[in-house]
Amino acid sequence: MYSDNKLVLQIISLLKQFGIKRIVVSPGSRHFSLVHSLEADNSFSLYSVVDERSAAFFALGMIQQTGDPVAITCSSGTACMNYGSAIVEAFYQKLPLLILSSDRPLELLNQLEDQMYDQLSTFTNCTKYQGQLREIKTDTDEWYANRILNEGLLELNHHGKGPVHLNIPFTSHRNDTFSNTSLPEVRKVSLRRADAPPEMWIEASTRLNNKRIMIICGQSVPLTDRFKKAIDRFCECFNVIILTDKISNLHHPKAIYNVPAILSSLRWEDKANLIPDIVISIGGNYIFNNEMKALLRPAKIPHWQVGYEDKVCDPFRTLTEIFEMGEAFFFEQLSSTGIATHQNDYEEAWKKISCQIPIPTAECGELYAIGKLLTNFPENADLQLANSCTIRMAHFFPTNDSIRINCNRGVNGIDGSMSTAVGFAAANSKATFLIIGDLSFFYDMNALWNRHLSKRIRIMLINNEGGAVMYAPINREMRKTLPTHIAAGHTTSAQGWVESLGFQYIEASSKDEIDKGINILTDLSIEHPILLEVHSTTVSDINAMQDFTSSLYHPSMSEKIVNEVKNIAKKAIRVIKQ
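Here is a short report on the structure shown in this document. Remember, predicted model here, so these are calculated numbers, not experimental data.

Within helix H16 (residues 417-426) the residues assigned to the buried category are Ser417, Met418, Ala421, Val422 and Ala425. Here the buried residues of H16 occupy an arc of 135 degrees about the axis, which is enough to place them on one side. On the buried face of H16, the contacting elements are strand S16 (382-385), strand S18 (432-437), helix H17 (438-443) and strand S19 (457-463).

Structure representation (structure tokens):
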């Protein structure tokens, strides 16, 4: 019988799937649940070696002889420390030694618990990977354990071989039960390399036939000629839609750019037509990350990731395949085994909704100013966007394909947006525009105190006297009386600072003033830096953005009926209480 401990079941299931058959066991009680479950499975060969130092070297000998990974497991405390010499040797010999150390839960560290020290960091500089597991109490715990286990086991043979350390917590080793007669089918993440045999590509291509394929393209994937040809051919062979945003700078006829607005508009009937059969992700972060997770996670769609940097990136919690290669090569290989077809009803379904999304209108304020600038943006100029409301609102408006757009979206911080734009402009022969909010601007105001400031930099500063995005999760009634500390309210103007640095300063509070200011800002014949400061308020700006996204959603008849029934029920309950 196997243990009823879900973490133990995950470990054993993945050990089998990754082909790790030999386990060297040193005595102790902390790892009882794991060892007893291993003993119940004939797939494993267990070797008992009392001295942990000797046990680890014993495992090295088996690796040297077989070439296969071997696992070692021990109890907690100094038992793990005794593995040290062999782990260092495995690191420099490049031998795939898997260390499965047992431990108490991490929160008990340095609390005078018996047989406990910081086991995970002990071998940091002589292991390829260190993974701290945690007990499985929730679905998120289970997903996390599966991800860490896959990540660690992949590293045993990834970019060269070497030792991997997984630290396993056990609250109690006395009360475990053993009633499982079989292992669960847990997810294994497979790593595909560029030198994979033709049979792998044929099998992968076959899995895409007659499937609705969603390609999600994030930042940092330049659309080279080779990549564009590969994407073109792939779209000829398969039923594909490409979802992207402005900062990916991937301009393709089959790409959808107003994804955030589309996802805000979807009724539940629409989702069935738009959910794919397979998701392929390339590049880094993208603006519609949270909305896409909300769409795809419940559907449990298989996810293929192109590119790999030693971390399993699993935003939809359904990752099954990692293709460690360039994007162009990936699409070329799949297309070479596919048959061209003109069937692309999936693209049509997305584009039908995309075309119905209106361009927002606003009386004044941030939404109006950003829309006015983007719809009058000079061709072949460059645009830098700051985070928060700025980048969200920018995605509601179309832009010319000649415009290159960047944003510090790696971690989505507000710090350094202007410094990045100034550095970009210093190395740029074209005009560089920056749209930025007031908190981002004043946080980074020293960016303009720079001797390398370009004469062709143009800044539109949205000064709504605080961080409007902080108000987004809060209802409108609370926004009226909310303390200014939440959004760092202020009454500061940029005028004195930027004029002292040689900027032409323009101030705008009305629609006419914004229009006139943007006419000057976009006049590329002017050879000095310009800043347009648009004055507004946090509450009006966040309300305008939410009014637009709310207007996109139109409930279906069935939803209207359900909502009406709910309202009738609420009224009845109020009457009964009275």
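Moving on: the environment of Leu166. Along the chain, the position of Leu166 falls in strand S7 (residues 164-169). Leu166 gets classed as buried once you look at its relative accessible area, which sits at 1%. Among all residues touching Leu166, those that are not within four sequence positions of it are Leu98, Ile99, Leu100, Ser101, Tyr129, Gly131, Leu133, Ile148 and Leu149.

So, about the nonpolar core. By size, the foremost hydrophobic cluster in this structure holds 64 residues, and its most contacted members are Met214, Met292, Trp350 and Met460. Broken down by element, this core gets its largest block of residues, 6 residues, from helix H14 (residues 365-375). Shared between two domains, this core holds at least three residues of each, these being domain 2 (201-356) and domain 3 (366-552). Leaving out residues up to four positions away in the same chain, Met214 has contacts with Ile241, Leu243, Leu274, Pro276, Ile278, Val279, Ile280, Met292, Leu296, Tyr346 and Trp350.

With that out of the way, let us pick up helix H21 (residues 538-552). When the terminal C-alpha atoms of H21 are compared, their 22 Å separation across 15 residues agrees well with the 21 Å that a helix rising 1.5 Å per residue should span. Looking only at H21, the buried set comprises Thr538, Asp541, Ile542, Asn543, Met545, Phe548 and Leu552.

A word on the side chain of Thr73. Position of Thr73 relative to the elements: it lies in strand S4 (residues 70-74). A distance of 3.0 Å separates the side chain of Thr73 from the backbone oxygen of Leu100, its partner in a polar contact. If near-sequence neighbours (up to four positions away) are discounted, Thr73 is found in contact with Ile23, Val24, Val25, Ser26, His31, Leu34, Val35, Tyr83 and Leu100.

Rules and cut-offs
Residues numbered from 1 in each chain as written. Predicted model: local features only at pLDDT ≥ 70, side-chain atom pairs only at ≥ 80, totals over all residues. Heavy atoms only, no water. Buried < 20%, exposed > 50% of the residue type's maximum accessible area, 1.4 Å probe, protein only. Helix = DSSP H or I, 4+ residues; strand = E, 2+ residues; numbered from the N terminus. Arc of directions from axis to C-beta. Contact = heavy atoms within 4.5 Å. Core = buried A, V, L, I, M, F, W, Y, C linked by side-chain atoms within 4.5 Å. Domains from an automatic or database assignment. Expected span 1.5 Å × (residues − 1). Polar contact = N/O pair within 3.5 Å; in protein donor to acceptor, adjacent residues only side chain to side chain.

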